[in-house]
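Chains, contacts and geometry: an overview
Below are the chains, spelled out letter by letter.
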Amino acid sequence: MSGARKSALATLRGQIERIETAEVVHQQDRVALGHNEVDGVLKGGLARAAIHEVFCEGRQGAAATGFVMGLAGRVSARRPLLWVRQDFSEVEAGALSMSGLAELGLDPRRVVMVRAADVESALRTSADALACDALGAVVLELWGDIRQFDLVASRKLTLAAQGSGVTGLMLRMAAQPLPSTAETRWMLRAAHSPPGPMWSAWGAPRFDAELLRNRHGPCGRWIMEWNCDECQFSEPSTYSQPVAAAPAHRPDPAVPWQRRTA
Amino acid sequence: MIHALDDAASRLGLHIGQPLANARAMCPDLRVFDADVVADAKTLSDIADWCDRFTPLVALDPPHGLFLDITGCAHLFGGEAALLQTLVRALARQGFAVSAAIAGTSVCARTLTRQATGTIVADGGEAEAISPFPVSALGAGEAITTGLRRAGLKTIGDVASRSPSEITARFGARFSILLAHALGQGDAPINPRKPLPDYIVEKRFAEPIATDTMIAMTLSRLADMLIASMEKQGKGARRLEAAFFRTDGVVRAIMVETGRPVTRSAVIDRLFRERLDALADPLDPGFGFDMVRLSASRTEIVVQEQRDLDAHVHDNDELAALIDRIAARIGGKRVVVHLPQDTHIPESAVLAAPAQHHLAAAMQAEWPVRTESEPPLRPLRLFDKPEPIKVPFATVPDGPPHQFTWRRALHAVVRVEGPERIAMEWWRQDGKQLTRDYFRIEDAEGLRFWIFRDGLYEGEVFDGDGKPASPGWYVHGLFA
């Protein structure tokens, strides 16, 4: 390799490095999700002013919706949320219910829903919305594999998000991940409730979240639980319902037995 | 029955209302077409659209008449005579047989068109102008016309010379009012097709324009003019309409609505650009537009508020502007906010209302408070129409199923909570509605369903013979 070519290569490498660090500086604004391990991997939390993708199988749509709603609730910080969805996904996965949203501890008053007829108008609307800095987050809900959502479209959304500081969340149900400019990519499944008798409440929503792609850190897979009261994610609790405290006036049955054997 | 005929046919002595067999007997090689009343009405309304270029007040006078209120408009076209000439020539060029007249009252003008087309009657000259015409020109109906002729009153002048009380006594008050209007005494108000917009600006072109850039430039110049005229009175536009008049007579109107009164021409410009971009059938200039009109049909007084440093107010304005832009592109009904409703029925507990009009209300809405430290009681995704599931059997008659088939997949029930009984609102529904027992169910995979049994067991559902039947099961929603 000639010297000139080598130096050109070095310059290019330097440029790339500078761009990447600039991006890191730009994306310092992160929101902790509440799950310690996940926050650690994400270097403090979910990046604002970026695009995040959440994938799921068709029948796991509700779990993924819950997860996206949780992320949106964390990043939007009491600002309005624009939810763009395609008509077809409502037929397949059901409509987003505002009563259900309120039950998750989130505020339905700040949700503006856009019912786009097709993918093109959904993409265009979300690109527009991402450029509007009055919003907290923009969610784009799409069903199935979509040809139009390619690298160019994804890049467009990312640039809009970086420009305005709004976070974009892509909810991709029944779709296969494709190359994109997303900051993180998740694969969502519903997680089992902790073991318990059949006739007992199942507790808080639990997600089996797999981080498939993380531009600035490692990936992983965790069980995450949404805490409806505190509006944040947390480590899974062992019991679905709060356990009754041990009665104070009676000795713990296990303790005397231990003493006898000692 | 003959519905309409051309000049050649009327010269042969045929007339409207004649049975077709008689007409055929008189003229065996008659060419006949079926009457299409709907298409006629459509054509009349298209012509009325075209006539909008002369005045915003155009009224239909079916089956084939139009009233134009040209008060204060005539000077724009070089006087009444020039206006009449322009209108008649343009319509004649398009193949219509037109008779037109201008008079102080609409009834008088209509009478004139039937006898003396092209007449212009000055104020006060109505009685004199129409006196020589036969009474049939008044258009008062077959019975009255015949009655008048039998009474020996052949011309309108004859009738007018009688005292009004006699005419009223013999032919009714409606006819005497019609006669008075025709003679220029008082006027019947016309019923314009569209309400008069609050503000109108328009631009005419000697040379038709056809390119997108010219259209966009024209629109933004018109927006500037509109804003300038509204600003003088402190108004802002809520509904805007741009009408494009094509040289061949086709008129295309495009409407844009906003959630808040618009006071900046740049906003109007952008809204129209979004709307034009997203039109399913794009604006077709054909041979070009010779006139573009921008009107504000709904306006509101703008309260000039002092902007404080509170970013929240600014945010709401920006959100409203974004909603307007999206609504301009994909339609106002597709951008919604949600309002809680006072009902227990899950599918009607939330009302989706257009965001442009209900944004403020939605931001203030009172939602039911969630019970602390309870898992979600309502699903995150709700099916518009509950989806039926197949349940093999339930262990206890009133209990939940052990397994069920939904969308061709078998789900084994691992966790159950319920029932939550929701009775239908008997005071609202007409037909009898079944009580629903809802269960929250988790399957072996961890998916969480909201299912219900439609009807009480052995109490509400009956088969054809009146015996209790087993009620159906449905999935209504999915929990996160």
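For clarity, every value in this text was computed on a predicted model and none was experimentally measured. Per-chain numbering applies: the sequence of each chain, read as written, is numbered from 1 onward. Whichever chain is written first is A, and whichever ligand is written first is 1; the rest continue in order. Under the rules for a predicted model, residues below a pLDDT of 70 receive no local features and side-chain atom pairs below 80 are neither given nor counted, while totals for whole chains, interfaces and linings still include all residues. Each side-chain value is derived from all of the structure's non-hydrogen atoms; neither hydrogens nor water enter the calculation.

1. Observations regarding the overall build of chain A
Rules: Only DSSP runs of H or I with at least four residues qualify as helices, and only runs of E with at least two residues qualify as strands; both kinds are numbered from the N terminus onward. Think of it in three bands: residues with accessible area under 20% of the maximum for their type are buried, residues over 50% are exposed, and the middle band is partly exposed, with areas taken using a 1.4 Å probe on protein chains only. It only takes one pair of heavy atoms within 4.5 Å for two residues to be counted as in contact. Residue-level accessible areas treat just the shown protein chains as cover; the underlying method is Shrake-Rupley with a 1.4 Å probe.
Each helix and strand counted, chain A has eight helices and 12 strands in total. Residues classed as buried in chain A amount to 53% of the 262 residues present. If you take every contact in chain A between residues at least 6 apart in sequence, the share linking residues at least 24 apart comes to 72%. With an accessible surface of roughly 11900 Å², chain A has 55% of that area assigned to carbon and sulfur atoms.

2. Topic: the overall build of chain B
Note the cut-off: Radius of gyration here uses only the C-alpha atoms, and the compact-globule reference equals 2.2 Å multiplied by the residue count raised to the power 0.38. None of His or the chain ends enter the tally, which takes Lys and Arg as positive and Asp and Glu as negative. Each charge is placed at NZ for Lys, CZ for Arg, CG for Asp and CD for Glu.
Looking only at helices and strands, chain B has 14 helices and 14 strands in total. Against the compact-globule benchmark of 23 Å for 480 residues, chain B has a radius of gyration of 34 Å, which places it well outside the compact range. Summarising its shape, the C-alpha atoms of chain B cover approximately 95 × 70 × 50 Å along the three principal directions. Here chain B holds 480 residues, and the buried ones make up 41% of them. Counted over contacts in chain B with a minimum sequence separation of 6, partners at least 24 positions apart contribute 54%. On chain B, the mean spot of the 54 positive side-chain charges and the mean spot of the 63 negative ones are 3 Å from each other.

3. Concerning the domain arrangement of chain B
Cut-off, in case you're wondering: Throughout, the edges of the domains are those of an automatic or database domain assignment.
Once the domains are mapped, chain B shows domain 1 (36-182), domain 2 (199-303) and domain 3 (381-479). Look at where the C-alpha atoms of domain 1 of chain B and domain 3 of chain B centre, and you get two points 68 Å apart.

4. Some details on the nonpolar core
Applied cut-off: Think of a nonpolar core as a cluster: buried Ala, Val, Leu, Ile, Met, Phe, Trp, Tyr and Cys residues, connected wherever their side-chain atoms sit within 4.5 Å.
Ranked by size, the top nonpolar core spans 63 residues in total, and within it Phe67, Trp83, Trp186, Leu188 and Met224 of chain A together with Val475 of chain B carry the most contacts. The element contributing the most residues to this core is helix α3 (residues 61-76) of chain A, with nine residues. With residues near it in sequence (within four places) discarded, methionine 224 of chain A still touches Leu33, His35, Val38, Phe67, Trp186, Pro205, Arg206, Phe207, Ala209, Phe233 and Ser234 of chain A. Formed by 41 residues, the second largest nonpolar core is a distinct cluster that contains Ala122, Ala153 and Leu157 of chain A together with Val335 of chain B.

5. Regarding the sheet that holds strand β5 (residues 251-262) of chain B
Residue and element names in this part refer to chain B. Heads up, the rule is: Pairing between strands is defined by DSSP: at least two bridges between the two strands are required. Throughout, an axis means a line fitted to C-alpha atoms (over the contacting stretch in the case of helices), and angles, computed between N-to-C directions, take values from 0 to 180 degrees.
The sheet built from four strands is open, its strands ordered β3-β6-β4-β5 with antiparallel pairing. Two strands in the sheet have a free side with no partner beyond their single neighbour: β3 (199-209) and β5. Across the sheet, the mean angle separating the axes of adjacent strands is 15° when strand polarity is ignored. The pairing of strand β4 (residues 235-246) with β5 spans eight bridges and is antiparallel. Bridged to phenylalanine 244 within β5 is arginine 252. Packed onto the sheet, helix α14 (residues 355-364) meets β4, β5 and β6 (289-301) and runs at close to 10° relative to β5.

6. Brief notes about the sheet that holds strand β11 (residues 220-227) of chain A
On the basis of which strands lie adjacent, the open sheet formed by 11 strands has the order β12(A)-β11(A)-β10(A)-β9(A)-β3(A)-β8(A)-β7(A)-β4(A)-β6(A)-β7(B)-β8(B) and mixed pairing. Because the sheet does not close on itself, it has two edges, and the strands there are β12 (232-234) of chain A together with β8 (350-354) of chain B. Direction aside, neighbouring strands of the sheet carry axes that sit 30° apart on average. In this sheet, β8 of chain B lies alongside strand β7 (residues 335-340) of chain B in antiparallel orientation, the contact comprising five bridges. Along β8 of chain B, the bridge assignment pairs histidine 338 of chain B with alanine 352 of chain B. α14 of chain B rests against β6 (111-116) of chain A together with β7 and β8 of chain B of the sheet, and its axis sits at about 35° to β7 of chain B.

7. Quick look at helix α12 (residues 265-277) of chain B
Test applied: In this scheme, a helix's expected span is set at 1.5 Å multiplied by one less than its residue total.
With 13 residues, α12 of chain B extends 18 Å between its outermost C-alpha atoms, agreeing within 8% with the 18 Å of an ideal straight helix rising 1.5 Å per residue. Buried within α12 of chain B we find Ser265, Ile268, Asp269, Leu271, Phe272 and Glu274 of chain B.

8. Brief notes about the interface of chain B and chain A
Let me state the cut-off plainly: Here the quantity called buried area is the total loss of accessible area, with a 1.4 Å probe, experienced by two parts when brought into contact, counted for both. The salt bridge criterion pairs a side-chain nitrogen of Lys or Arg with a carboxyl oxygen of Asp or Glu, the two atoms within 4 Å. Within 3.5 Å is the distance limit for a polar contact, defined as a pair of N or O atoms, with the added protein rule that one can donate a hydrogen and the other accept it, and that residues adjacent in sequence qualify only through two side-chain atoms.
In this assembly, 59 residues from chain B lie in contact with 69 residues from chain A. For the pair chain B and chain A, the two sides together bury roughly 5500 Å², of which 56% comes from carbon and sulfur. Sorting the residues of chain B by area buried against chain A places Leu380, Arg381 and Arg415 of chain B first, and these three jointly supply 16% of that buried surface. Joining chain B to chain A, the criterion identifies eight salt bridges. Taking the shortest distance from any N to any O, the salt bridge between arginine 370 of chain B and aspartate 229 of chain A comes out at 2.1 Å. There are 22 residue pairs in polar contact (both at pLDDT 80 or more) connecting chain B and chain A.

9. Observations regarding α3 of chain A
All names here are of chain A. With 16 residues, α3 extends 22 Å between its outermost C-alpha atoms, agreeing within 8% with the 22 Å of an ideal straight helix rising 1.5 Å per residue. The buried fraction of α3 is high, at 14 of 16 residues. Where α3 terminates, the next one or two residues include alanine 77, which has phi positive at roughly 50°.

10. Quick word on empty space enclosed by the protein
To be explicit about the condition: In the cavity and pocket records, a cavity denotes points on a 1 Å grid over the protein atoms alone where a 1.4 Å probe fits but cannot get out, a pocket denotes an open set with protein on both sides within 12 Å along at least 5 of 7 lines, and lining residues are residues with an atom within 4 Å of a point. Grid points are joined across faces, edges and corners, and a volume is the space filled by probe spheres set on the points. Gly counts as polar in this scheme, as do all residues outside two lists: the nonpolar Ala, Val, Leu, Ile, Met, Phe, Trp, Tyr, Cys and Pro, and the charged Asp, Glu, Lys and Arg.
Per the counting criterion, the structure on display carries four cavities of 30 Å³ or more. Reported here for the largest cavity is a volume of approximately 90 Å³. What lines the largest cavity is a set of 15 residues, among which Ala62 and Ala63 of chain A together with Leu447, Arg448 and Phe479 of chain B lie closest to the centre. When contributions to the lining of the largest cavity are tallied by element, the ones reaching two or more residues are α3 of chain A together with β13 (448-454) and β14 (472-479) of chain B. Counted by class, the lining of the largest cavity contains 10 nonpolar, two polar and three charged residues.

11. What about the environment of leucine 434 of chain B?
All names here are of chain B. Turning to its location among the elements, leucine 434 is positioned in the loop between β11 (409-422) and β12 (436-443). In this structure the C-alpha to C-alpha distance between leucine 434 and methionine 424, which are 10 residues apart in sequence, comes to 6.7 Å. Excluding residues that lie within four positions of it along the chain, leucine 434 makes contacts with Met424, Asp454, Gly455, Glu460 and Val461.

12. Some details on unusual backbone geometry
That bond from proline 62 of chain B to proline 63 of chain B is cis: its omega, 10°, falls within 30 degrees of zero. Residue position: proline 63 of chain B is located in the loop between β1 (58-61) and β2 (65-68). Of note, the bond from glycine 418 of chain B into proline 419 of chain B is cis; its omega dihedral lies within 30 degrees of zero at 0°. Tracing the chain through its elements places proline 419 of chain B in strand β11. One non-glycine residue with positive phi stands out, namely alanine 49 of chain A, at about 55°. As for its placement among the helices and strands, alanine 49 of chain A is situated in the loop between β2 (46-47) and β3 (51-56). We classify alanine 49 of chain A as buried; its relative accessible area is 9%. Backbone geometry at alanine 174 of chain A places phi at a positive 55°, although glycine is not the residue there. On the secondary structure map, alanine 174 of chain A appears in the loop between β8 (167-173) and β9 (184-190). Accessibility expressed as a relative area gives 30% for alanine 174 of chain A, which makes it partly exposed.

13. Quick notes on the state of the cysteines
Inclusion rule: When the sulfur atoms of two cysteines come within 2.5 Å, that pair is taken as a disulfide.
Applying the stated criterion to the full structure yields zero disulfides over all chains. Take cysteine 219 of chain A: it sits in no disulfide, and the sulfur closest to it among the cysteines is that of cysteine 56 of chain A, at 18 Å. You can call cysteine 219 of chain A partly exposed: its relative accessible area is 41%. With no disulfide of its own, cysteine 51 of chain B has cysteine 73 of chain B as its nearest cysteine by sulfur position, at a separation of 12 Å.

14. Looking at the packing of helix α5 (residues 106-115) of chain B against helix α10 (residues 173-182) of chain B
Residue and element names in this part refer to chain B. Rules: The cut-offs work like this: below 35 degrees is roughly parallel, past 145 is roughly antiparallel, 65 to 115 is roughly perpendicular, and the gaps in between are oblique.
In the contact formed by α5 and α10, the axes pass within 6 Å of each other and the chain directions differ by 80°. Overall, the two elements α5 and α10 adopt an arrangement that is roughly perpendicular. Contacts from Val107, Cys108, Arg110 and Thr111 of α5 reach α10 at Leu178, His181 and Ala182. Partitioned by chemical class, the residues of the contact of α5 with α10 number four nonpolar, two polar and one charged.

15. Concerning the side chain of glutamate 442 of chain B
Here glutamate 442 of chain B lies in strand β12. By relative accessible area, glutamate 442 of chain B is classed as buried at 2%. Of the polar contacts made by the side chain of glutamate 442 of chain B, one reaches the side chain of serine 193 of chain A; its length is 2.4 Å. Once residues lying within four places of it in the same chain are set aside, the contact partners of glutamate 442 of chain B are His192, Ser193 and Trp202 of chain A together with Ala412, Val413, Val414, Arg415, Leu447 and Arg448 of chain B.

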